[in-house]
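Examining the three-dimensional arrangement
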Amino acid sequence: KYFFLERYLNASREARRKFADKGNAVFIDLFAGPGKCMIKNEKREIDSGGSIALNREEAPVNEYFYCDISKANVSALKKRSDATATCHVMCGDSNVLVKGLVEELFKKHYRYHFAYIDPFGPDGLKFESLKELAKLKRMDMLIHFPIGAIKRNLSHWIKKENTILDDFLGTDIWRERIPKVRKYKSYKVMIDIFKEQLQSIGYP
């Protein structure tokens, strides 16, 4: 997933530079973690999403907003990011914090925003949070779709109402579509629904 983040940041740097040169480029990480990740079996650390964006030298971002629900993660991230007036680290449920964040960003609505959204599983993200972010005129998103966790829990969720998956997708239409396809195609149905939901909030 960090490969795709780097790829996006590289591909968008000239477009971003037009805003960054005027101090108007914003980076948002709703699930920032501690700023580092451990590579399994290799015993080495790498930068996580927020740190990758923060440490870029070419066409950098001017202001950073990080959210994480873990106090330990927030404490570590503050030390690693050297939190300043341009780097804001918030502790709490990002689905709750996002409304206040968008209200704050609306004060300078003309800026360019990029949100890196990397929930550990579907229980971390509610589609309503994406709706909030989409209210901003210039908002790009890179979203990790946690298909593995969804596939593991699908048989359990389909027997219940008002589940984590309903909140994640922002709809319960998946209940109608899943029984009509073979099991191995269920993940594609989920992604198609998610794309439809993104289109409904203004993303082509």
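A few points on the structure.

Rules behind the numbers
- Counting starts from 1 at the beginning of each chain's written sequence and moves along it residue by residue.
- Reporting in this predicted model follows two pLDDT cut-offs: at least 70 for local features of residues, and 80 or more for side-chain atom pairs to be given and counted; totals over whole chains, interfaces and linings ignore these cut-offs and use all residues.
- The basis for every side-chain value is the complete set of heavy atoms in the structure, and neither hydrogens nor water enter the calculation.
- Only buried residues count toward a nonpolar core, which is a set of Ala, Val, Leu, Ile, Met, Phe, Trp, Tyr and Cys residues joined through side-chain atoms within 4.5 Å.
- Per-residue accessibility, obtained with a 1.4 Å probe over protein chains only, is compared with the maximum for each type, and a residue is labelled buried under 20%, exposed over 50%, and partly exposed between these values.
- Where helices and strands are cited, they refer to DSSP runs of H or I of at least four residues and of E of at least two residues respectively, numbered from the N terminus.
- Contact criterion: two residues are considered in contact whenever any of their non-hydrogen atoms come within 4.5 Å of each other.
- Strand pairing is defined by DSSP finding a minimum of two bridges between the two strands.
- To get an axis, a line is fitted to the C-alpha atoms, and for a helix only the part in contact is used. The angle between two axes follows their N-to-C directions and goes from 0 to 180 degrees.
- Here, expected helix span is obtained from the residue count minus one, scaled by 1.5 Å.
- We define a salt bridge as a contact between a side-chain nitrogen of Lys or Arg and a carboxyl oxygen of Asp or Glu at a distance within 4 Å.
- Stacked, tilted and edge-to-face are the three classes applied to pairs of Phe, Tyr and Trp rings, where Trp contributes its six-membered ring and a pair requires centres within 6.5 Å; stacked means planes under 30 degrees apart, edge-to-face means over 60, and tilted covers the rest.

Topic: the nonpolar core
Across soluble globular proteins, nonpolar side chains show a tendency to be buried alongside one another. Counting residues in hydrophobic clusters, the biggest one holds 35 residues, and the most contacted among them are I28 and L133. Considering every element that reaches this core, the biggest residue donor is helix α10 (residues 186-200), with five residues. Leave out the neighbours within four places in its chain, and L133 touches I28, L30, V98, V102, A115, I117, M139 and M141. Ranked by size, the runner-up nonpolar core spans 19 residues in total, among them Y2, F27, A32 and Y64.

Side note on the sheet that holds strand β1 (residues 25-29)
Within the open sheet, the five strands sit side by side as β5-β4-β1-β6-β7. Their pairing is parallel. Both outer strands of the open sheet, β5 (87-91) and β7 (139-143), are each paired with one neighbouring strand and no more. Each strand axis lies, on average, 15 degrees off the axis of its neighbour in the sheet, ignoring direction. For strand β4 (residues 63-68) and β5, the ladder comprises five bridges, and the chain directions are parallel. Each bridged residue has a counterpart across the sheet, and for F65 the counterpart in β5 is H88. Across the sheet, helix α5 (residues 94-105) lies against β1, β4, β5 and β6 (112-117), angled at about 160 degrees from β4, the strand it touches most.

Some details on α10
Its 15 residues place the ends of α10 21 Å apart at the C-alpha level, agreeing with the 21 Å of an ideal helix rising 1.5 Å per residue. Restricting attention to buried positions, one finds in α10 the residues S186, V189, M190, I193, F194, Q197 and L198. Where α10 is buried, its residues touch α6 (127-133), β7, α7 (147-157), α8 (164-169) and α9 (174-177). Following α10 by one or two positions, G202 has its phi on the positive side, about 105 degrees.

A look at the pattern of salt bridges
Throughout the structure, instances matching the rule amount to ten salt bridges. For the salt bridge of E14 with R17, the shortest nitrogen-to-oxygen distance reads 2.9 Å. One end of the pair, E14, and the other, R17, are both in helix α2 (residues 13-20), three residues apart, so they sit about a helical turn from each other. Owing to a relative accessible area of 24%, R17 belongs among the partly exposed residues under this scheme.

Concerning the packing of aromatic side chains
Applying the stated rule across the entire model yields eleven aromatic pairs. Seen in terms of ring centroids, Y64 and Y66 are 6.2 Å apart; in terms of plane orientation they differ by 25 degrees. Their pairing is stacked. Y66 shares its class with Y64; the two are buried. Ring pairs connect the aromatic residues Y8, F27, Y64, Y66 and F114, which therefore count as one cluster.

So, unusual backbone geometry
Even without being a glycine, N162 presents a positive backbone phi close to 50 degrees. Mapping N162 onto the fold places it in the loop between α7 and α8.

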